[in-house]
Amino acid sequence: TSRPLCSSQRRSGIAARRTQGSQERMARGSSAGYDRHITIFSPEGRLYQVEYAFKAIKTSGLTSVGVRGADSCVVLTQRKVPDKLYDPESVTNMYAITPNIGLVMTGIVPDARASVKKLREEAAKFKFNNGYDIPVSYLAKRAADTAQVYTQHANMRPLGIAMIIIGIDVEGEKKVPQLFRCDPAGYYVGYKATSAGAKEQEANNFLEKRFKPPAGSNVAVDPKLSHDDTVQLALACLQNVLGADLKANDIEACVVRHDNLAFTRLSADELETQLTALAERDDDIAGRD
């Protein structure tokens, strides 16, 4: 007959089971238990739900590129129609916020459309209260503020989108091209060129090579690209990371220019012209080092 366990033996058994359970949780990965709620930091100081939102951006399978030139900005993305029954004209990732400011959304489409609605309301409210169009940098700040709030409440979830915003700020006689990127963590910053989506890292590597800092400096050169060079650099970047020649129907692009401040979508014929010009180039922009 077995004798009943004494209290010290019971405590030892409980401690052993707790240790075993802890080891099993560790074996499942360091995120175990800390990715259940958005408001809980892991012991490493990470918010896993925010990191998962960044991964959600890549699930769309699309890559988007934005480039700022001397007198223009362009945003470019892949165009994929997932179902043959869809009306292709209704499938887009390009959205105008005001007549002169627009963006490309990469990630979860319903999240993108909800964000666009809020940004349009924000821009309209700003103009009503102040009497002039909202600056691109302030719109990017408001978008980032909203995204950041979504990371600190348990009844919300981060938005699974990255937005690249373009526009031209008119400051008296001066016209300043602007390019901003906002992410699910609520971080925003101005860029000379940037990307988002499935091939983001490869696209950024390509763009960094085209904006090499001069010898002895760590600061990338300011873009002095013409409108055509700006569009063709974005096309070359996307073509390079996808590893295939682009067709006009496979992409969509929008631009803003000094001589036409409106957020304008490039037609298939205009894109075909730019792709033909890019194919005839043999320089640094074309990516043929």
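Our subject is the structure listed above.
Residue positions within a chain follow its written sequence, with the count starting from 1. Residues qualify for local features only when their pLDDT is at least 70, as the model is predicted, and side-chain atom pairs are given and counted only at 80 or more; totals for whole chains, interfaces and linings, by contrast, use all residues. Note that the side-chain values use all heavy atoms of the structure and ignore hydrogens as well as water.

## Focus on the packing of helix H5 (residues 200-210) against helix H6 (residues 227-242)
Inference 1: Throughout, an axis means a line fitted to C-alpha atoms (over the contacting stretch in the case of helices), and angles, computed between N-to-C directions, take values from 0 to 180 degrees. A helix here means a DSSP run of H or I that spans at least four residues, while a strand means a run of E at least two residues long, and both kinds are numbered starting from the N terminus. Running from N to C, H5 and H6 cross one another at 135°; their axes reach a closest spacing of 9 Å. By the angle between their directions, the pair H5 and H6 is classed as oblique. Where H5 crosses over H6, the handedness of that crossing is right-handed. In this structure, H5 uses Glu-202, Ala-203, Phe-206, Leu-207 and Arg-210 to contact H6, whose residues at the interface are Leu-233, Ala-236, Cys-237, Asn-240 and Val-241.
Inference 2: Just so you know the grouping, Ala, Val, Leu, Ile, Met, Phe, Trp, Tyr, Cys and Pro go in nonpolar, Asp, Glu, Lys and Arg go in charged, and all remaining residues, Gly too, go in polar. In the contact of H5 with H6, the residues fall into seven nonpolar, one polar and two charged. Any angle that falls under 35 degrees is termed roughly parallel, while one over 145 is termed roughly antiparallel, one within 65 to 115 roughly perpendicular, and all others oblique. Working rule for handedness: look at the near helix, and if it is turned counterclockwise from the far one by less than a right angle, call the crossing left-handed; if clockwise, right-handed. Any two residues whose heavy atoms approach within 4.5 Å are treated as being in contact.

## Brief notes about the packing of H6 against helix H7 (residues 268-279)
Inference 1: Where H6 contacts H7, the axes come no closer than 10 Å and their chain directions differ by 75°. Between H6 and H7, the interaxial angle falls into the category roughly perpendicular. Seen from H6, the contacting residues are Asp-228, Val-231, Gln-232, Leu-235, Ala-236 and Gln-239; seen from H7, they are Gln-274, Leu-275, Ala-277 and Leu-278.
Inference 2: Along the lines of polarity and charge, the residues of the contact of H6 with H7 split into six nonpolar, three polar and one charged.

## Comments concerning the sheet that holds strand S8 (residues 193-197)
Inference 1: Spatial strand order, S8-S1-S2-S9-S10: five strands in an open sheet with antiparallel pairing. Taken across any chain shown, the strands that pair with only one partner, and hence form the sheet edges, are S8 and strand S10 (260-265). Averaged over neighbouring strand pairs, the angle between their axes works out to 10° when direction is ignored.
Inference 2: The pairing of strand S2 (residues 72-78) with strand S9 (residues 251-257) spans seven bridges and is antiparallel. Directly across from Gln-78, in S9, lies its bridge partner Ile-251.
Inference 3: H6 contacts strand S1 (63-68), S2 and S9 of the sheet and is inclined by roughly 25° relative to S2. Strands qualify as paired when DSSP identifies two bridges or more between them.

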